[in-house]
Amino acid sequence: MNLGEWKDRLLGAVERVRAFARKQGRRAAPPLKEVRLGLALGGGFARGLAHIGVLKVLEEYHIAVHCVSGTSVGSIIAGAYASGATVEEMAAVAAKVRWKDFASWTISWLGLASNKRMEAFLKRAFRALHFEDLKLPLAVVATDLRTGQPVVFTSGELVPAVRASCAYPGLFLPVAYQSAWLTDGGLVAAVPTQAVKQLGADIVIGVTLESLNPQIEPQNVMDVLSRSLSIAQRAAEPVWRGYADLVIAPEVNGYRWDDFAHAEELMAAGEKAMREALPALNALLQPEPASTAAAPSAVG
C-alpha cells in the first residue's frame, strides 16, 4: 500500500470519527422528570369557597395540578375539580349554594343536623361518582370516631367519602360507612398535605382557611364549636405544614362559617392570596436565578 492510499484511509477514518461525534452531539438530552404538583384543600365551611379562587389563578397561568386532596369543604372542591368540573361551573354553583342544599336540622343525641341531603347536591356537582373515574388522583380525609385515626379514601364511591369528611362533629351526625363511624377530616388533618404527598406529589401547596378572629364574638353553639376546633387544630399545625412546600392563607377570618351569601368575596380572597404567592410557586416549579424566578410563568 503506497503513501497516498494510507493518507486516504487515515482521512476517511478521521471523517468517520467526526461524523460519529456530530451524531452524538445531535442526540436529544434525556427528558426532564415532570414535576408533579399536589394541592391540599383545608376545611372551613363557607370560607372554603376561597379554594375556587385559588384554582382560578392556577388555571389562568396554565399551572397544572396533578393530584388533589381535601378535608371537609375542601373535599367538595377537590372532588369537583378532580371529576372534571370547571372553575366557572364551580363558581356558578358557589354563587347559589345555601345551607338547605346540603343539610337539614334533626333531633338526635349525636348531632344537630344531617348532611344526608348532601348526596343529591354532590351528584349534581360532580362529573364522576367513583374515585377510579376521576380525571385526577384524589384523596379525601375523614376521621374514624371510634379509633381517632385518619381514614384516607382514594378508591370506591366518592359521595359517601365526601359526606364523611364533611360531618362536622357536634353539628352533623357521624356517617356510618364501611363498618365505621366517620366524622370531619379536620380533626386529624386540617389541611391534608400528607395525603396528597402520598398520591405522588413532588411539590405540595396547602390552602388553609383561618377562622379565628378576635374581633368577632361567638353568637351561637356553632360559633363555639368552630372556634374550639380551630384552637385545637393549631397544636397540630406544624405536622401538616411539614409536608407543605408552599402554604396559601386567604384572608377569610372575617367571615362566619355560614356566610355562603358572600361567595364572590370569598372566591376573590382565594384569588388574591394565590396571585401573591405566584413568585414563590414559580420558584419551586422552575428554579431560576433570583432575577428571573419572580415573574409568573406558564408551567404545565
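The rules behind these values
- Residues numbered from 1 in each chain as written.
- Predicted model: local features only at pLDDT ≥ 70, side-chain atom pairs only at ≥ 80, totals over all residues.
- Heavy atoms only, no water.
- Helix = DSSP H or I, 4+ residues; strand = E, 2+ residues; numbered from the N terminus.
- Buried < 20%, exposed > 50% of the residue type's maximum accessible area, 1.4 Å probe, protein only.
- Axes fitted to C-alpha atoms, helices over the stretch in contact; angles between N-to-C directions.
- Parallel < 35°, antiparallel > 145°, perpendicular 65-115°, else oblique.
- Left-handed = near helix turned anticlockwise from the far one by under 90°.
- Contact = heavy atoms within 4.5 Å.
- Pairing = 2+ DSSP bridges.
- Nonpolar A, V, L, I, M, F, W, Y, C, P; charged D, E, K, R; others polar.
- Arc of directions from axis to C-beta.
- Core = buried A, V, L, I, M, F, W, Y, C linked by side-chain atoms within 4.5 Å.
- Phe/Tyr/Trp six-rings, centres within 6.5 Å; stacked < 30°, edge-to-face > 60°.
- Salt bridge = Lys/Arg side-chain N within 4 Å of Asp/Glu carboxyl O.

Engineer: Account for unusual backbone geometry, naming residues and giving values.
Structural biologist: One can expect most non-glycine residues to show negative phi and most peptide bonds to be in trans. Even without glycine at this site, Phe45 takes up a positive phi of about 55 degrees. By the secondary structure assignment, Phe45 is in the loop between β1 (37-41) and α2 (50-60). With a phi close to 50 degrees, Gln178 is a non-glycine residue in the positive phi region. The exposure class of Gln178 is exposed, given its relative accessible area of 55%.

Engineer: Could you give an account of the packing of α2 against helix α9 (residues 263-285), naming the residues involved and the relevant values?
Structural biologist: Across the interface, α2 lies against α9 with an axial gap of 6 Å and an inter-helix angle of 45 degrees. The angle between α2 and α9 falls in the class oblique. Relative to α9, α2 is oriented so that their crossing is right-handed. Along the contact surface, α2 presents Ala50, Ile52, Gly53, Val54, Lys56, Val57, Leu58 and Glu60, while α9 presents Leu266, Met267, Gly270, Glu271, Met274, Arg275, Leu278 and Leu281.

Engineer: Which residues make up the sheet that holds strand β4 (residues 111-114), and what values go with them?
Structural biologist: What the 3 strands build is an open sheet, ordered β3-β4-β7; its pairing is mixed. Two strands bound the open sheet, and with one partner strand each, they are β3 (104-108) and β7 (170-172). Between one strand axis and the next, the sheet turns through 30 degrees on average, direction left out of account.

Engineer: Describe the packing of α2 against helix α4 (residues 87-96), with residues and values.
Structural biologist: As a packed pair, α2 and α4 sit with axes 10 Å apart at the nearest point and diverge in direction by 160 degrees. The orientation of α2 with respect to α4, classified from their angle, is roughly antiparallel. For α2 against α4, the interelement crossing comes out left-handed. Together, Ile52, Leu55, Lys56 and Glu59 of α2 and Val87, Met90, Ala91 and Ala94 of α4 make up the contact between the two elements. Looking at the contact of α2 with α4, its residues break down into 6 nonpolar, no polar and 2 charged.

Engineer: Give a detailed account of α4, specifying residues and quantitative values.
Structural biologist: Turning to α4, its buried residues number three or more, namely Val87, Met90 and Ala94. For α4, the angular spread of the buried residues around the axis is 60 degrees, confining them to a single face. In this structure, α4 carries Glu88 and Lys96 as exposed residues pointing more than 90 degrees from its buried face.

Engineer: Now, about the nonpolar core: what can you tell me, with residues and values included?
Structural biologist: Counting 76 residues, the largest nonpolar core has Leu39, Met90, Leu138, Phe172, Ile248, Met274 and Leu281 as the members making the most contacts within it. Broken down by element, this core gets its largest block of residues, 10 residues, from α9. Beyond its immediate stretch of four places on either side in the chain, Met90 contacts Ile52, Leu55, Ile77, Ala80, Tyr81 and Ala85. Cys67, Val191, Val196 and Val204 belong to the second-largest nonpolar core, a separate cluster that totals 8 residues.

Engineer: Go over the pairing of strand β6 (residues 150-153), please, and point to the residues and values.
Structural biologist: Sheet topology places strand β5 (residues 138-144) next to β6; 4 bridges connect them, and they run antiparallel. Bridging across to β6, Val141 finds its partner in Val152. Two successive antiparallel strands, β5 and β6, enclose a turn made up of 5 residues, where Gly148 displays a positive phi of approximately 80 degrees.

Engineer: Provide a residue-level description of the packing of aromatic side chains, including the pertinent values.
Structural biologist: Here the structure, examined in full by the defined rule, presents 8 aromatic pairs. Relative to Trp257, the ring of Phe45 has its centre 5.2 Å away and its plane inclined at 75 degrees; by these criteria the two rings are edge-to-face. Here Phe45 is found in the loop between β1 and α2, whereas its partner Trp257 is found in the loop between β11 (246-248) and α9, with 212 residues between them in sequence. Across the pair, exposure class does not vary: Phe45 and Trp257 are buried alike. Consider the rings of Trp99 and Trp257, whose centres lie 5.8 Å apart with planes at 85 degrees: the pair is edge-to-face. Taken together, the residues span a long stretch of sequence, with Trp99 in the loop between α4 and β3 and Trp257 in the loop between β11 and α9 at a distance of 158 residues.

Engineer: Tell me about the pattern of salt bridges, residues and numbers included.
Structural biologist: Taken as a whole, this structure holds 9 salt bridges when the rule is applied. For Lys56, the salt bridge is made with Glu271, and the minimal N-O distance between the two is 3.4 Å. Of the two residues, Lys56 sits in helix α2 while Glu271 sits in helix α9, which places them 215 residues apart along the sequence. Here Glu271 falls in the buried class, since its relative accessible area comes to 18%. Within the structure, one salt-bridge network assembled from shared partners comprises Lys56, Glu60, Glu271 and Arg275.

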